[in-house]
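Secondary and tertiary structure notes
Okay, here's what each chain looks like letter by letter:
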Amino acid sequence: MTAVESPAGSALYDVINRRRDTRREFTGEQVDQDVLERMLLAAHAAPSVGMSQPWDFVLVRSPQTLRTFRDHVAHERQVFAATLAGERAETFARIKIEGICESGLGIVVGYDPSRGGPQVLGRHAIPDAGLYSVVCAIQNLWLAATVEGLGVGWVSFYREDFLRELVGMPAHVRPVAWLCVGPVAELPDTPDLERHGWRRRSSLATVVHEERYRPR
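Helix-helix packing is characterised by the crossing angle of the two axes and by the distance between the axes. Where helix α2 (residues 33-44) meets helix α6 (residues 129-147), the closest approach of the two axes is 7 Å, and the angle between their N-to-C directions is 145 degrees. Viewed along their axes, α2 and α6 form a crossing whose handedness is right-handed. Taken together, the residues of α6 that come into contact with α2 (itself represented by M39, L40, A42 and A43) are A137, N140, L141, A144 and A145. Here the contact of α2 with α6 is composed, by residue class, of 8 nonpolar, 1 polar and no charged.

Put into structure tokens, the structure is as follows:
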């Protein structure tokens, strides 16, 4: 039996392929505290450059804060929509890009480059290695949420300075993501952006290169 044929291996690949960027499916129910802690522990177990663990998680449940962020995102959505025309504008109008208030829980993930001290082992040649570590933590959280039957939506229509001030992050901490997290009615089989025709997933053959990069 190969690793993928084992129950654990099969389950892992299933979770990876079932993960979705959730928007309209949130039910509004609260996330159980034990479940939330398991997800955060999974995120905290992510690999990090120099074992710096440069992430922070701000849990936002205040309806007022959720509404304030939703309004900011709606404005930024309008800014982006104004750059579109024709079929692209029509397609974008059909896509709901956030479930900020519907989910009831926002997890703001921050990157603290000072974590681990001034000499972070392995970061001297690649300054962004710490940022990559935070993204690994986000992916861990996202996969854990999928296992728990929860949805996660990564909101990207925001200005970093606005979000930093909204949740009180100090100036040196970079807000990397606002994640909408909560129970969902279902996880769709097809990602929203593909279902609405915004963009389709490319085949593996278009991104794999042997020995050296070769333009497609």
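Quick look at the nonpolar core now. Core analysis: the largest hydrophobic core is formed by 26 residues, its most contacted members being M39, I107, I138, L141, L179 and V181. Looking at this core, the elements that each hand over two or more residues are α2, β2 (106-111), α6, β3 (150-155) and β4 (174-183). Looking at this core, the element that brings in the most residues is α6, giving 8 residues. In this view, M39 contacts L141, A144, A145, E148, L150 and V181; residues no more than four positions away in its chain are not counted.

What follows covers the environment of P215. Locating P215 in the fold gives a position in the segment after α8 (192-195). You can call P215 exposed: its relative accessible area is 69%. As for P215 and G130, which are separated by 85 residues in sequence, their C-alpha atoms are 29 Å apart.

This paragraph deals with the sheet that holds β2. The strand order across the open sheet built from 4 strands is β1-β2-β4-β3, with neighbouring strands paired in antiparallel fashion. Either end of the sheet is taken by a strand with one partner, and the two such strands are β1 (55-60) and β3. On average, each strand axis in the sheet is inclined to that of its neighbour by 25 degrees, with strand direction left out of account. Across 6 bridges, the pairing between β1 and β2 is antiparallel. Bridging from a neighbouring strand, V58 pairs with V108 of β2. Lying over the sheet, helix α7 (residues 160-167) contacts β1, β2 and β4, oriented at roughly 65 degrees with respect to β4.

What follows covers the pairing of β2. Two faces make up the sheet, and in a regular strand the side chains alternate between them. Burial runs high along β2: 6 of the 6 residues are buried. Side-chain alternation along β2 places G106, V108 and G110 on one buried face and I107, V109 and Y111 on a second face that is also buried. Relative to β4, β2 is paired through 6 bridges, and the arrangement is antiparallel. Bridging across to β4, G110 finds its partner in P175.

Mapped onto the fold, E25 is located in the loop between α1 (7-18) and α2. For E25, a relative accessible area of 9% puts it in the buried group. Note: C-alpha distance between E25 and E76 (51 residues apart in sequence) is 22 Å.

Okay, unusual backbone geometry next. Not every positive phi belongs to a glycine, and M51 is a case in point at roughly 55 degrees. Of note, M51 is situated in the loop between α2 and β1. On the accessibility criterion, M51 (63% relative accessible area) is exposed. Notably, E211 is not glycine yet its phi reads approximately 70 degrees, a positive angle. Within the secondary structure layout, E211 lies in the segment after α8. Of the residues examined, E211 reaches a relative accessible area of 79% and is grouped as exposed.

Taking 1.5 Å of rise per residue, 19 residues should cover 27 Å, and helix α3 (residues 63-81) covers 26 Å from first to last C-alpha, within 8% of that figure. Looking at α3, one finds that the buried residues are T65, L66, F69, H72, V73 and E76. Along the axis of α3, the buried residues cluster in a sector spanning 130 degrees; they form a single face. Opposite the buried face of α3, at more than 90 degrees from it, the exposed residues are P63, Q64 and Q78. In this structure, the buried side of α3 is in contact with β1, α5 (100-103), β2, β3, α7 and β4.

The rules we used
Residues numbered from 1 in each chain as written. Predicted model: local features only at pLDDT ≥ 70, side-chain atom pairs only at ≥ 80, totals over all residues. Heavy atoms only, no water. Axes fitted to C-alpha atoms, helices over the stretch in contact; angles between N-to-C directions. Helix = DSSP H or I, 4+ residues; strand = E, 2+ residues; numbered from the N terminus. Left-handed = near helix turned anticlockwise from the far one by under 90°. Contact = heavy atoms within 4.5 Å. Nonpolar A, V, L, I, M, F, W, Y, C, P; charged D, E, K, R; others polar. Core = buried A, V, L, I, M, F, W, Y, C linked by side-chain atoms within 4.5 Å. Buried < 20%, exposed > 50% of the residue type's maximum accessible area, 1.4 Å probe, protein only. Pairing = 2+ DSSP bridges. Expected span 1.5 Å × (residues − 1). Arc of directions from axis to C-beta.

Everything listed here is a matter of geometry and, on its own, says nothing about what the molecule does.
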